[in-house]
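So you can see what is in the structure, the chains are spelled out below.
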Number of protein chains: 2
Amino acid sequence: METMLKGTGHQVTIAPESPVVVIGEKINPTGQKRLAQALRDRDMGYVLALADRQVSAGADVLDVNVCLPGSDDTVLLSELITILGSHATVPLCIDTPNVRALAGALPLVRGKPLVNSVTGEENSLKSVLSIVRDRGAAVIGLTMDERGVPGDAETRLAIAEKILERAAKIGIPAEDVVIDPLVMTVGADPRAALVTLRAVSLIRTSLGVNINLGASNVSFGLPDRQTINQAFLSLAIGEGANCVITDPAKLTLTIRAVDLLLGRDEYASRYIARFRDPHGAATS
Amino acid sequence: METMLKGTGHQVTIAPESPVVVIGEKINPTGQKRLAQALRDRDMGYVLALADRQVSAGADVLDVNVCLPGSDDTVLLSELITILGSHATVPLCIDTPNVRALAGALPLVRGKPLVNSVTGEENSLKSVLSIVRDRGAAVIGLTMDERGVPGDAETRLAIAEKILERAAKIGIPAEDVVIDPLVMTVGADPRAALVTLRAVSLIRTSLGVNINLGASNVSFGLPDRQTINQAFLSLAIGEGANCVITDPAKLTLTIRAVDLLLGRDEYASRYIARFRDPHGAATS
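Rules used throughout
- Residues numbered from 1 in each chain as written.
- Chains lettered and ligands numbered in written order.
- Predicted model: local features only at pLDDT ≥ 70, side-chain atom pairs only at ≥ 80, totals over all residues.
- Heavy atoms only, no water.
- Axes fitted to C-alpha atoms, helices over the stretch in contact; angles between N-to-C directions.
- Helix = DSSP H or I, 4+ residues; strand = E, 2+ residues; numbered from the N terminus.
- Parallel < 35°, antiparallel > 145°, perpendicular 65-115°, else oblique.
- Left-handed = near helix turned anticlockwise from the far one by under 90°.
- Contact = heavy atoms within 4.5 Å.
- Nonpolar A, V, L, I, M, F, W, Y, C, P; charged D, E, K, R; others polar.
- Pairing = 2+ DSSP bridges.
- Buried area = accessible area lost by both parts, 1.4 Å probe.
- Salt bridge = Lys/Arg side-chain N within 4 Å of Asp/Glu carboxyl O.
- Polar contact = N/O pair within 3.5 Å; in protein donor to acceptor, adjacent residues only side chain to side chain.

Asker: Got a minute to help me understand the packing of helix H8 (residues 225–239) of chain A against helix H8 (residues 225–239) of chain B in this structure?
Answerer: Between H8 of chain A and H8 of chain B, whose axes approach to 8 Å, the crossing angle comes to 55°. Here H8 of chain B runs oblique to H8 of chain A, going by the angle between their axes. Judged by the twist between their axes, the crossing of H8 of chain A over H8 of chain B is right-handed. Together, Gln-230, Ala-231, Ser-234, Leu-235, Gly-238 and Glu-239 of chain A of H8 of chain A and Gln-230, Ala-231, Ser-234, Leu-235, Gly-238 and Glu-239 of chain B of H8 of chain B make up the contact between the two elements. When grouped by side-chain class, the residues that make up the contact of H8 of chain A with H8 of chain B number four nonpolar, six polar and two charged.

Here's what the structure looks like:
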């Protein structure tokens, strides 16, 4: 099953046995004071440079989240989407819990974007899916619902099935839904990663859809998070995850190493190119 | 299935769902000029310090290989085993292709050692297994035979079955055979790692035995071998490998991270202890 995304200059395909698609997560003011200030000041040059740095570091898609604490992101998201659309050529991933902001921004995106995200909650299914369908976008489906994130892989599979059914019912094909089985913090729950890895495998095998994962939640509160994140990504890709939302500067080389080991980089050319130019200095 | 090894002060168990057992590979003069010279000079203090450093860095077992180019290791291996046996408390892994050296050294080892290795070759099966049985040791079975290392996982499984059958026939139980499905260099063959990962999964599922792997062959000739080795080990442990022969100073933290992610380190205590004291400075 192939999930096709389009930017103004690049098409990206998420598919089994293809190299893992990297979504750059850094356009998100959470925990990034300087970016938060730049967004408040409408310092779009700062944001565009952040976009460029991520693409140079290996991002295939850019996540765009402009939610500032205590403020409505409706206007800002539309403004940024417009400016990014005439600057960055990769597909965008529109990331907001604000349905009004999503509805306003999505028609402004050029190409075919990804929407981050819908959940199994009735409110979310009702409001998000029709916006996605009307725009002809793809969407990330998070395996959580009114009761939160299930503690077992089987219930996460059931929520993924529900999201896919509801999407199909209004005309969104399964290939336009990327399921994110969610990873919690292993420091808080020793089975957190294990359950996610099982959910990846179960959902991939049962439903055949593409699988996205965040790479850094898992190590929250633990030392040397990079080593844990590298190990987790390797395990998750081994189980079938083929799209990762992460800081590309930190984890793209590991992702390319896993692709190489899984036979998706025949002459090690992508791995070696990333090693030679880890932050894309020559192209940025 | 549990493979139990004994040193003079430590017992080590290789078992599914248990933390991965680390075999320190550094007592091996191949590519280590200083160690080669120390062995020629009978500078045992140097070798014992190398043993201590590996244990401090997380080695549960010490591989002992004293094969110097162009010389017979029979006398040296027995000498070193005797000295190590009154110094190191962890189990030893006796590593020699020289059957006479193995036969001479094995009775001198205290506890219950591991023998590295037998293959599916008729000569090897005939000469090595009886020595292993007579000493009550455990043995690593390499999935290769007269025709070399098979290019597919199914033939590696067949060789593993053959080794186990021949071992059983002379009285070595399956739990005393650890199968090593062998990893070749991914730079030379893009399917090399994939075939090994499939063999790990196939052998683990079909035969239920414990699985050993070397961690560094896979990245030979490629840049940033550490990133590739970390990714490969994560994938391999995810498929069921539970014993790794490696440089503990380089890869133990990744191995502890994978154990943590797979729910084998409940309070992250082993991971955090290794992070705090990566080379065991406080205990060496």
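Asker: Got a minute to help me understand the sheet that holds strand S9 (residues 212–214) of chain B in this structure?
Answerer: Two pairing modes exist for strands in a sheet, parallel and antiparallel, and in both the strands are linked by backbone hydrogen bonds. Residues and elements named next belong to chain B. Taken together, the eight strands give an open sheet; going across it, the order is S8-S7-S6-S5-S4-S3-S10-S9, and neighbouring strands pair in parallel fashion. A single partner strand is all that each edge strand has here, and the edge strands are strand S8 (177–180) and S9. Taken over all neighbouring pairs, the strand axes of this sheet differ in orientation by 30° on average, direction set aside.

Asker: Explanation requested: the interface of chain B and chain A in the structure shown.
Answerer: Frequently, the measure chosen for interface size is the accessible area that the parts lose on association. Of the residues lining the interface, 31 residues belong to chain B; the matching set on chain A comes to 31 residues. Buried area between chain B and chain A, summed over both chains or domains, comes out near 2700 Å², and the portion from carbon and sulfur atoms is 77%. The largest contributions to the chain B side of the interface with chain A come from Pro-190, Leu-235 and Leu-261 of chain B, which together make up 24% of the buried area. Inspection of the chain B/chain A interface yields zero salt bridges. The tally of links from chain B across to chain A stands at six residue pairs in polar contact (both at pLDDT 80 or more). Counting residues per element, the ones that place at least two in the side of chain B that touches chain A are helix H7 (192–207), H8, helix H9 (248–261) and helix H10 (269–276) of chain B. Broken down by element, the side of chain B that touches chain A gets its largest block of residues, nine residues, from H8 of chain B. Grouping the amino acids of the side of chain B that touches chain A by side-chain chemistry returns 22 nonpolar, six polar and three charged.

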